[in-house]
Amino acid sequence: MRKRGGYRRSRSRSPRRGKRYEVSKAQLMLRPINWNHQKLEPVTRLSYRPKVDYRRSEREINEWRKAKEITTKGRDVPDPALTFEEVGFPAEIADEWRYAEFTTPTPIQSQGWPIAMSGRDMVGIAKTGSGKTLSYLLPALMHIEQQSRLRRGDGPIALILAPTRELAQQIKQVTDDFGRAMKIKNTCLFGGGAKRQQGDDLRYGVEIVIATPGRLIDFLSTEHTNLRRCSYLVLDEVSFLRDNIRLKIASVPIPTNLPYFALLT
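Anyway, here's the lowdown on the structure attached to this text. This structure is a prediction, so every number in the text was calculated from the model and none was measured. (Residues numbered from 1 in each chain as written. Predicted model: local features only at pLDDT ≥ 70, side-chain atom pairs only at ≥ 80, totals over all residues. Heavy atoms only, no water.)

### Observations regarding the side chain of Arg65
Then, number 1: As for its position among the elements, Arg65 is in helix α2 (residues 58-67).
Then, number 2: One buried charged side chain, Arg65, makes no salt bridge at all; its nearest oppositely charged neighbour is Asp79, positioned 4.6 Å away.
Then, number 3: Residue contacts for Arg65: discarding those within four places in its chain leaves Ile70, Thr72, Val77, Pro78, Asp79, Pro80 and Gln111. (Helix = DSSP H or I, 4+ residues; strand = E, 2+ residues; numbered from the N terminus. Buried < 20%, exposed > 50% of the residue type's maximum accessible area, 1.4 Å probe, protein only. Lys, Arg positive; Asp, Glu negative; His and termini not counted. Salt bridge = Lys/Arg side-chain N within 4 Å of Asp/Glu carboxyl O. Contact = heavy atoms within 4.5 Å.)

### Some points on the pairing of strand β3 (residues 186-189)
Put simply, side chains in a regular strand alternate between the two faces of the sheet.
Then, number 1: Every second residue of β3 is oriented toward a common face, with Asn186 and Cys188 on one face and Thr187 and Leu189 on the other, all of them buried.
Then, number 2: In this sheet, strand β4 (residues 208-211) lies alongside β3 in parallel orientation, the contact comprising 4 bridges. Following the sheet pairing, Leu189 is matched in β4 by Ala211. (Pairing = 2+ DSSP bridges.)

### Re the pattern of salt bridges
Then, number 1: Under the counting rule described, the total for this entry stands at 11 salt bridges.
Then, number 2: A salt bridge links Arg56 to Glu86; the nearest nitrogen and oxygen atoms lie 3.0 Å apart. Of this pair, Arg56 sits in the loop between α1 (2-29) and α2 while Glu86 sits in the loop between α2 and α3 (91-99), and the two are 30 residues apart along the sequence.
Then, number 3: You can call Glu86 buried: its relative accessible area is 4%.
Then, number 4: Between Arg98 and Asp95 there is a salt bridge, and its shortest N-O distance comes to 2.6 Å.

### Some points on the packing of aromatic side chains
Then, number 1: With the rule as written, the count across this model stands at 6 aromatic pairs.
Then, number 2: Taken together, a centroid distance of 4.6 Å and an interplanar angle of 20° make the contact between Phe84 and Trp97 stacked. Of this pair, Phe84 sits in the loop between α2 and α3 while Trp97 sits in helix α3, and the two are 13 residues apart along the sequence. Trp97 matches Phe84 in its accessibility class, with the two residues each being buried.
Then, number 3: Note on Trp97 and Trp113: the rings are 5.6 Å apart at their centroids and 65° apart in plane angle, and the pair reads as edge-to-face. Highlighted residues: Trp97 in helix α3 and Trp113 in helix α4 (residues 107-116), separated in sequence by 16 residues. Like Trp113, Trp97 is buried.
Then, number 4: An aromatic cluster is built from Phe84, Phe89, Trp97, Phe102 and Trp113, whose rings are joined through pairwise contacts. (Phe/Tyr/Trp six-rings, centres within 6.5 Å; stacked < 30°, edge-to-face > 60°.)

What follows is the structure, encoded as structure tokens:
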């Protein structure tokens, strides 16, 4: 009886031992990088300026935000862009926008685009299905267009982290549609996917990487890619990035001079 009881207690403790082992393994997979000793590519920041023809009074803006139940916090928050035309996206994106039969930006897009395109860090909170993906993706495409082209051995310019493979794949579908129009390449890294194909994409070179943290760390630890060129970071559905996933994100060696950070939940 004592043996059976002891065996049961041992089994109950094993998951915790396993979790500690996995955590320490994740931390050891990647070595810290002293970015002060790394030669990084200069980053060109976006400079968003609202078009004069679309300027609105403070009263109009406040009434719009109240009607859309939008609350903003921060200094000198840019005014929202209530129509697609006033943002100043290139014709390639405008054509894709019309092809998708979108008429007007959603509230998170209207308020999020001017912030992200002003080179500001942003935390956005909106419901599922509110157009969050395009709220950070289109500014990412604009940011990438401003940077020097990728060279052999370069990693991505934009990194989008998602907690699940399902969400990562959904983001990739949208990225395919709008990125293709601007000839910007992407790949999606997630566990259970074709690792060889994902590795080939990274070696060939992609401007955008959409990834779950665990699979990204796998490729970083084997030096299939790096984040030396990463200057635009998105954490999508950050409220679900918990426990060991949060620890894995902390292990990702992201440059300390990262100019853009979007946190969507």
